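The chain contents come next:
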There are 2 protein chains.
Amino acid sequence: MMEGNVANESGKPLLLAPGPVPIPEFVAAALSQPVIHHRTAAFQRLYAQLQAGLRYLFQTQQATGVMIGSGTYGVETGMYSLFQPGDRVVVVDNGKFSARWVEYAEVLQLDLLHHRLEWGQVPETARLVELAKEAVGVVITHCETSTGALTDLEEIALALREAAPDILILVDGITSVGALPFYFDAWGIDAVVVASQKALMNPAGLIAWAISERAQAHLRPTRPGDYANWYNYWQAGQQHSFPYTPPVQMLYGLQAALNYVAELTLPSLWNQVHRSSRRFKQGLKDLGATVRSQSPSDSLTAFHWEGKDMQALRKHLLQAGYELAGGQGPWKGDILRMSHMGTSASEALVEEVLSALRRFSPPTPAAAPE
Amino acid sequence: MMEGNVANESGKPLLLAPGPVPIPEFVAAALSQPVIHHRTAAFQRLYAQLQAGLRYLFQTQQATGVMIGSGTYGVETGMYSLFQPGDRVVVVDNGKFSARWVEYAEVLQLDLLHHRLEWGQVPETARLVELAKEAVGVVITHCETSTGALTDLEEIALALREAAPDILILVDGITSVGALPFYFDAWGIDAVVVASQKALMNPAGLIAWAISERAQAHLRPTRPGDYANWYNYWQAGQQHSFPYTPPVQMLYGLQAALNYVAELTLPSLWNQVHRSSRRFKQGLKDLGATVRSQSPSDSLTAFHWEGKDMQALRKHLLQAGYELAGGQGPWKGDILRMSHMGTSASEALVEEVLSALRRFSPPTPAAAPE
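Rules of the game
Residues numbered from 1 in each chain as written. Chains lettered and ligands numbered in written order. Predicted model: local features only at pLDDT ≥ 70, side-chain atom pairs only at ≥ 80, totals over all residues. Heavy atoms only, no water. Least-squares fit on C-alpha atoms with pLDDT ≥ 70 in both. Contact = heavy atoms within 4.5 Å. Axes fitted to C-alpha atoms, helices over the stretch in contact; angles between N-to-C directions. Helix = DSSP H or I, 4+ residues; strand = E, 2+ residues; numbered from the N terminus. Parallel < 35°, antiparallel > 145°, perpendicular 65-115°, else oblique. Left-handed = near helix turned anticlockwise from the far one by under 90°. Nonpolar A, V, L, I, M, F, W, Y, C, P; charged D, E, K, R; others polar. Pairing = 2+ DSSP bridges.

J.: Is there a simple way to think about the relation of the copies chain A and chain B in this case?
T.: Each of the two chain copies can be brought onto the other by rotation about an axis and movement along it. Once chain A is rotated about the relating axis by 180° and shifted along it by 0.0 Å, it coincides with chain B to within an RMSD of 0.0 Å. Taken together, these values place the two copies in the relation of a two-fold axis. Within chain A, the C-alpha atom positioned nearest to the axis of rotation is that of A:G69, 3.0 Å from it. When the interface residues of chain A are mapped onto chain B, 100% of them are again interface residues, pointing to one common binding face.

J.: Can you help me understand the packing of helix α12 (residues 266-287) of chain B against helix α14 (residues 347-360) of chain B in this one?
T.: Helix packing for two helices is described by the angle between their axes and how far apart those axes are. Residue and element names in this part refer to chain B. It is the contact of α12 with α14, at a shortest axis distance of 9 Å, that shows an interaxial angle of 15°. Accordingly, the angle class assigned to the pair α12 and α14 is roughly parallel. In the crossing of α12 with α14, the sense of the turn from one axis to the other is right-handed. For the pair formed by α12 and α14, the contact residues are R275, S276, R279, F280, G283, L284 and L287 on the first element and E347, V350, E351, V353, L354, L357 and R358 on the second. Here the contact of α12 with α14 is composed, by residue class, of seven nonpolar, two polar and five charged.

J.: Just checking my understanding: could you explain unusual backbone geometry for this structure?
T.: Peptide bonds are, in most cases, trans, and in most cases residues other than glycine have a negative phi. All names here are of chain A. Residue G19 is joined to P20 through a cis peptide bond whose omega torsion reads -5°. Relative to the helices and strands, P20 resides in the loop between β1 (14-15) and α2 (25-31). In the Ramachandran plot, S293 falls in the positive-phi region, its phi being about 85° despite a non-glycine side chain. The residue S293 is located in the loop between β11 (290-291) and β12 (300-304) in this model.

J.: Explain the sheet that holds strand β9 (residues 191-195) of chain A to me, please; I cannot follow it from the model alone.
T.: Hydrogen bonds between backbone atoms are what pair the strands of a sheet, whose relative direction is either parallel or antiparallel. Residues and elements named next belong to chain A. Taking strand neighbours across the sheet as the criterion, the seven strands line up as β2-β10-β9-β8-β5-β3-β4 in an open arrangement whose pairing is mixed. Since the sheet does not close on itself, it has two edges, and those belong to β2 (63-68) and β4 (111-116), each with one partner. Direction aside, the axes of adjacent strands within the sheet are offset by 20° on average. Here five bridges tie β9 to strand β10 (residues 206-211), and the two strands are oriented antiparallel to one another. Bridge pairing in β10 places V193 opposite W209. Where helix α10 (residues 230-237) meets the sheet, its contacts fall on β2, β9 and β10, and the angle it forms with β10 comes to roughly 75°.

And the structure:
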């Protein structure tokens with residue numbers, strides 16, 4: 001674990017953006033293992049292990065799979081695979097990434113119900129249930145990485161299922177799964193996507209998903225030359241196989257991360273993330289800074305510090321050895337974002353960053369109102 | 001270089017399939033370098049270097065870019081980005097992979113001119129020019145990996161350009177670029193795709209392309225949520241940036257490979273591949289085996305050995321430490337395929353494999369007719 005200031009050891013700042021996160025040694029070692037051919041029993045054993053590791057990660061007994069791509073591709077291909085042009089689909093839009101699913105719904109020519117919220121807000125359950133009544137599906141971003149806002153997915157999913165039993169619930173779990181409690185089966189989720197560069201501590205470039213039986217029935221059989229269609233991966237996955245040339249070394253990296261998750265166990269991992277987040281958010285409050293968003297996620301902290309030049313603060317932290325991410329879109333220049341995912345999720349590291357923040361300027365005595 | 005029998009050293013067979021190829025040490029080391037954040041000047045420097053390395057690789061002064069995905073995704077997104085539903089497009093189909101571009105043309109609802117050839121055949125220039133007369137574009141697979149057949153791309157591209165000056169020539173260069181002579185600008189190619197796990201000796205998962213000014217004019221401006229559209233990568237690439245979260249470690253691996261290509265130089269690399277291929281093909285002939293396909297490529301050798309059980313031969317080679325690929329589709333069980341790409345491209349290794357072939361059975365005195 002990165003308990004000490006890794007920055008000072010390596011001479012380079014420690015990347016603490018909410019993805020990509022630094023890759024730990026055991027993932028780096030896995031990435032450089034020799035390739036195996038993908039049309040072999042050895043590959044099928046590897047893939048079957050990944051599928052099992054993903055079932056644990058997503059807390060599901062249903063089908064899981066892996067595809068090559070960044071998180072954006074994962075959610076887009078989920079939408080492409082489950083919905084047809086003209087399908088009425090509700091898309092929640094409360095930040096930079098969830099706005100992409102709106103744009104892609106337009107590219108797909110869905111009958112879009114665009115549920116637009118202010119940046120930092122999360123959807124209200126009753127409103128979403130009302131909107132979703134006539135819809136085929138709903139696309140929800142569990143944690144919006146641009147704002148740090150966490151949607152109450154459990155409450156929403158259970159309410160949606162009660163109001164519209166057949167609706168397909170597609171979840172962007174990119175900055176949540178592996179870091180925050182997530183229960184695919186118990187919450188009745190139909191499809192979820194996670195990306196490798198977040199809680200799974202791998203290079204970007206892989207996405208993984210789970211898909212319910214309800215959603216499987218919506219997949220269209222298609223041609224091998226339809227790379228974006230989950231159907232092809234789901235079918236091949238039943239034989240623990242991959243329909244295209246798989247990135248074997250990256251699958252080794254994913255396997256190492258899933259083994260780590262299984263050994264540490266999800267409850268311990270979630271608690272590690274939670275404690276780091278809680279300590280950091282409390283420390284910011286003590287300094288007079290404000291944690292942004294209506295319902296702050298534990299997977300990252302987005303904060304503003306009143307009266308401080310946030311750009312100068314970012315530079316100061318960089319010089320101290322910690323690379324936080326800035327804001328995006330309307331929040332550009334206004335906030336900093338710090339990850340609590342992966343091996344960066346430690347209270348000791350949080351104390352280091354808080355200490356560096358204190359050196360930027362003495363604490364403001366009066367705490368800002370939430 | 002893998003001059004000795006790496007199989008005997010590591011205890012595992014050496015993978016000699018025509019992709020993925022083993023990754024050399026310098027690529028493995030690059031893959032495990034620490035991640036950098038992608039919205040930084042440091043990333044832009046890395047990406048600018050990659051773009052320059054790709055310009056050399058493709059022999060072009062035009063725009064180059066990288067995307068996440070396997071080779072299939074590269075060609076499909078090229079077709080998606082350059083052609084619109086209803087566009088008349090000629091697709092050459094002479095094996096398993098080129099057949100995918102036919103299928104994808106149907107998914108895209110192009111006005112498809114399906115130029116179907118027997119497995120192992122290559123298109124005839126005059127016939128292709130005739131077909132392409134009224135077309136917006138043509139999709140050609142330079143080397144068909146399933147058969148080892150090499151299309152005379154130079155002759156075809158020059159003839160197409162003369163007959164149809166505005167036609168878009170999209171090339172699948174997956175099993176050719178980096179291994180065989182390829183001249184994007186001099187041949188007047190409009191778009192070419194290469195994948196990381198072949199001559200670039202990296203894990204699968206990255207594709208790279210070049211795009212001509214003529215083709216750039218066909219790109220549709222689109223939304224950020226249209227991950228498959230080359231437009232987004234081309235636009236971001238002008239600032240040496242990547243429109244989504246890039247797989248930074250895999251880009252390091254690609255950089256290491258492009259540096260290797262630049263240092264060794266393309267002519268030396270092509271010659272190394274050629275000499276390995278020539279030696280292997282001659283050795284097979286001496287054994288009485290037959291190299292398949294009308295116009296055998298140097299990047300791989302697909303061969304049949306009359307009177308031998310090819311499955312048993314594959315197992316024999318595996319036990320000797322060499323993992324060749326079998327046949328696909330109609331050629332399943334009928335051929336073996338050996339790569340001459342990457343660091344496997346050495347005459348010494350070819351001698352080892354020939355020697356193992358000789359141990360399977362004494363040479364047949366009478367050489368089979370070609």
